[in-house]
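# Descriptive analysis of the structure
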Amino acid sequence: MLLLWLSVFAASALAAPDRGAGGRRRGAAGGWPGAPNVVLVVSDSFDGRLTFYPGSQAVKLPFINFMKAHGTSFLNAYTNSPICCPSRAAMWSGLFTHLTESWNNFKGLDPNYTTWMDIMEKHGYRTQKFGKLDYTSGHHSISNRVEAWTRDVAFLLRQEGRPMINLIPKKTKVRVMEGDWKNTDRAVNWLRKEASNSTQPFVLYLGLNLPHPYPSPSSGENFGSSTFHTSLYWLKKVSYDAIKIPKWSPLSEMHPVDYYSSYTKNCTGKFTKKEIKNIRAFYYAMCAETDAMLGEIILALRQLDLLQNTIVIYTSDHGELAMEHRQFYKMSMYEASAHIPLLMMGPGIKANLQVSNVVSLVDIYPTMLDIAGAPLPQNLSGYSLLPLSSEMFGNEHKLKNLHPPWILSEFHGCNVNASTYMLRTNQWKYIAYSDGTSVLPQLFDLSSDPDELTNIATKFPEVTYSLDQKLRSIINYPKVSASVHQYNKEQFIKWKQSVGQNYSNVIANLRWHQDWLKEPRKYESAINQWLKTRL
């Protein structure tokens, strides 16, 4: 069945006329002929390296592979902040994190912020959103907020449950993440009942929670999410022989920020190779279930004869470490956490094209407006992806400079005790911390060290200096770090005042309760000392 409609779609794909760039720096020359529909599917925590070789060998992802064959895949796509709310704020605003000031999962965009979807609606598009959004302020647990605000405090506390697996007893269960499947069903029903009968072009957004790890209530009242949960049905999609056991540095040799992250994520204990392999296998199985939901959307578009006039985009807010670098979750600039999938297919999009240029989530905003033929705001951090992926442009070599040869990612939230900044170029990954002097930077040559095991910042001081200067030309990161420090203190003080006399009890029973309750006075004292210290 799948092969049949694959061949049908390949034969009936729209042929778009060639069109020049028209001299626009960040966008295309205008709207698409016939105003195509757009569907954007955004999952959570999907490691982008699984969409191409060799990562693609670990798990079967038929609908991602279909998009690769019939569209454009971006091999070096990155999140602009490896955590949920800040990354999504960047995607919906087209602005870097320091411009949105989305410092943590609690602080995102204002609910009334004008997104690319709002602009597309003004330009004649019918719009609809289903599922996870998470780009506005005010969400996530109290524990998550307090951990982010107090990351500069001189203590070390486990904030997560130990990563673990959980296999569903029913071997044939397909719909494991029921909430995501319900939202997928809602999106499919909307396509059938509303979009197929609409005289307007439409833009549909579907946000999935998978393959984000599942909640772990055993962690306490404000529990985290450290459980990799699936069924045998999805595990059968995983090739165990292809699962790579990541190399770990000894705890004593870890970068100090990595050690803090590993400790707070409850990953500094002993793990057997079997444990690690199982965690990774379960994560890949969760990715297979994610792919199936993407497939439901593609199949519905095909059945409704909408596919050949619809641009489909798939991406994720960030990746998942899945025990690489002795960590799970995200909050890291390592590839597993920061590298995301980004695939596009549809009318005018080149088929079977792999783009090696570095791109990021802020590029979604101008790309959407370009498709709609809407003018692009001048202040955007992102650049349209159409010149890199579309048949509507002539000499691609003339367009290489449309997107700069670098991307910026930054992180200011919990589980990392220093503001972090990544500059990714074609060869290098440079990571700076805090004020640029108090914490050693990291430099990786991804062409020779794809696993990022050797920090060569001191070995290549000229490269390190050059990349740091480039980073500083993009963002005054010492100043941004200082602003985040100040914000964290101010927010913590407000929160402390709001809980009043219950403060000692409330703070002791957050996710770090297993360590805090052993020496509560010690940790309260450390916070008091931090509050007294001036920036």
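Under an unreviewed UniProt entry, the name given to the protein chain is Arylsulfatase K, and the source organism is Nyctereutes procyonoides. Per UniProt, the comment on the protein chain under Function (unreviewed entry) is "Catalyzes the hydrolysis of pseudosubstrates such as p-nitrocatechol sulfate and p-nitrophenyl sulfate. Catalyzes the hydrolysis of the 2-sulfate groups of the 2-O-sulfo-D-glucuronate residues of chondroitin sulfate, heparin and heparitin sulfate. Acts selectively on 2-sulfoglucuronate and lacks activity against 2-sulfoiduronate."

In contact at an axis separation of 10 Å, helix α7 (residues 178-193) and helix α10 (residues 273-303) are set at 10° when each is read in the N-to-C sense. By the angle class used here, α7 and α10 are roughly parallel. Contact with α7, carried on its side by Asp-180, Trp-181, Thr-184, Ala-187, Val-188, Leu-191 and Arg-192, involves Glu-289, Ala-292, Met-293, Glu-296, Ile-297, Ala-300, Leu-301 and Gln-303 of α10 and no other residues of that element. For the contact of α7 with α10, a count of residues per class yields 9 nonpolar, 2 polar and 4 charged.

What follows deals with the packing of aromatic side chains. Under the criterion given, the structure shown has 26 aromatic pairs. On the basis of an interplanar angle of 50° and a centroid distance of 5.8 Å, the ring pair of Tyr-283 and Tyr-284 is categorised as tilted. Residues Tyr-283 and Tyr-284 agree in their burial class; the two are buried. Taken together, a centroid distance of 5.2 Å and an interplanar angle of 40° make the contact between Tyr-421 and Tyr-477 tilted. With Tyr-421 in strand β12 (residues 420-424) and Tyr-477 in helix α15 (residues 477-499), this pair connects stretches of sequence that are 56 residues apart.

So, on to α15. In a regular helix each residue adds 1.5 Å, so 23 residues correspond to 33 Å; α15 covers 33 Å between its end C-alpha atoms and thus fits that length. Buried within α15 are the following residues: Tyr-477, Val-480, Ser-481, Val-484, His-485, Tyr-487, Asn-488, Lys-489, Gln-491, Phe-492 and Trp-495. Residue Gly-500 follows α15 closely and has a positive phi angle near 55°.

Moving on: the packing of α15 against helix α18 (residues 520-532). Packing of α15 against α18 brings their axes to within 11 Å, and their N-to-C directions diverge by 125°. By the angle between their axes, α15 is oblique relative to α18. In this structure, the crossing between α15 and α18 has a hand that is left-handed. Mapping the contact onto sequence places Asn-488, Lys-489, Phe-492, Ile-493 and Lys-496 in α15 and Ile-527, Asn-528, Trp-530 and Leu-531 in α18. Across the contact of α15 with α18, the residue classes tally to 5 nonpolar, 2 polar and 2 charged.

A word on the nonpolar core. With 83 residues, the main nonpolar core has Leu-191, Phe-202, Ile-297 and Leu-301 as its most contacted residues. Residue contacts for Leu-301: discarding those within four places in its chain leaves Val-39, Leu-191, Phe-202, Leu-306, Leu-307, Thr-310 and Val-312. Counting 39 residues, the second largest nonpolar core, distinct from the first, contains Trp-149, Tyr-421, Val-480 and Ala-526.

By the element assignment, Asp-134 lies in the loop between β3 (126-131) and α6 (142-149). No salt bridge is formed by the buried Asp-134; its nearest oppositely charged neighbour, Lys-132, is found at 4.3 Å. Sequence-distant contacts of Asp-134, defined by excluding residues within four places in its chain, comprise Cys-84, Cys-85, Arg-88, His-139 and His-140.

Glancing now at the sheet that holds strand β11 (residues 407-411). Strand order in the open sheet made by the 4 strands is β11-β12-β13-β14, with antiparallel pairing throughout. Edge strands, defined here as strands with exactly one partner in the open sheet, are β11 and β14 (442-445). On average, each strand axis in the sheet is tilted by 15° relative to the strand beside it, whichever way the strands run. Pairing between β12 and strand β13 (residues 428-433): 5 bridges, direction antiparallel. Residue pairing for β13: Tyr-421 is matched across the bridge by Ala-432.

Most of α6 is tucked away, with 7 of its 8 residues classed as buried. Every buried residue belonging to α6 is among Ser-143, Asn-144, Arg-145, Val-146, Glu-147, Ala-148 and Trp-149, and all of these are buried. Here the buried face of α6 lies against α15 and α18.

Another point: the pattern of salt bridges. Summed over the entire model, instances satisfying the criterion amount to 20 salt bridges. Note that Asp-47 is salt-bridged to Arg-49, the shortest N-O span being 2.7 Å. By relative accessible area, Arg-49 is classed as buried at 18%. Shared partners join several salt bridges into a network, and the residues in it are Asp-44, Arg-88, Lys-132 and Asp-317.

The rules behind each value
Throughout this document, residue positions are counted from 1 along each chain, in the order its sequence is written. In view of the model being predicted, local features appear only for residues whose pLDDT reaches at least 70, and side-chain atom pairs are presented and counted only at 80 or more, with totals across whole chains, interfaces and linings using the full set of residues. Only hydrogens and water are set aside; all other atoms, that is, all heavy atoms of the structure, feed into the side-chain values. UniProt positions are given in the numbering used here, feature names are shortened, and annotations may be inferred rather than shown by experiment. Lines fitted to the C-alpha atoms define the axes, with helices restricted to the stretch that makes contact. Angles between their N-to-C directions range from 0 to 180 degrees. The secondary structure listing takes helices from DSSP runs of H or I that are at least 4 residues long and strands from runs of E that are at least 2 residues long, numbered from the N terminus. Note on terminology: angles under 35 degrees are roughly parallel, angles over 145 are roughly antiparallel, angles of 65 to 115 are roughly perpendicular, and the others are oblique. Two residues form a contact once any of their heavy atoms are found within 4.5 Å. We call Asp, Glu, Lys and Arg charged. Ala, Val, Leu, Ile, Met, Phe, Trp, Tyr, Cys and Pro are nonpolar, and the rest, Gly among them, are polar. In summary, the pairing rule links any two rings of Phe, Tyr or Trp, Trp by its six-membered ring, whose centres are within 6.5 Å, and it sorts them by plane angle into stacked for under 30 degrees, edge-to-face for over 60 and tilted for everything else. Relative accessibility decides the category of a residue: with a 1.4 Å probe and only protein chains considered, values under 20% of the type maximum give buried, values over 50% give exposed, and everything between is partly exposed. In this scheme, a helix's expected span is set at 1.5 Å multiplied by one less than its residue total. Note on convention: the crossing is left-handed when the near helix lies turned anticlockwise from the far helix by less than a right angle, right-handed when the turn is clockwise. Here, nonpolar core means buried Ala, Val, Leu, Ile, Met, Phe, Trp, Tyr and Cys residues that are tied together by side-chain atoms lying within 4.5 Å of each other. Under this rule, positive means Lys or Arg and negative means Asp or Glu; His and the chain ends count for nothing. A carboxyl oxygen of Asp or Glu within 4 Å of a side-chain nitrogen of Lys or Arg is what we treat as a salt bridge. Strand pairing is defined by DSSP finding a minimum of two bridges between the two strands.

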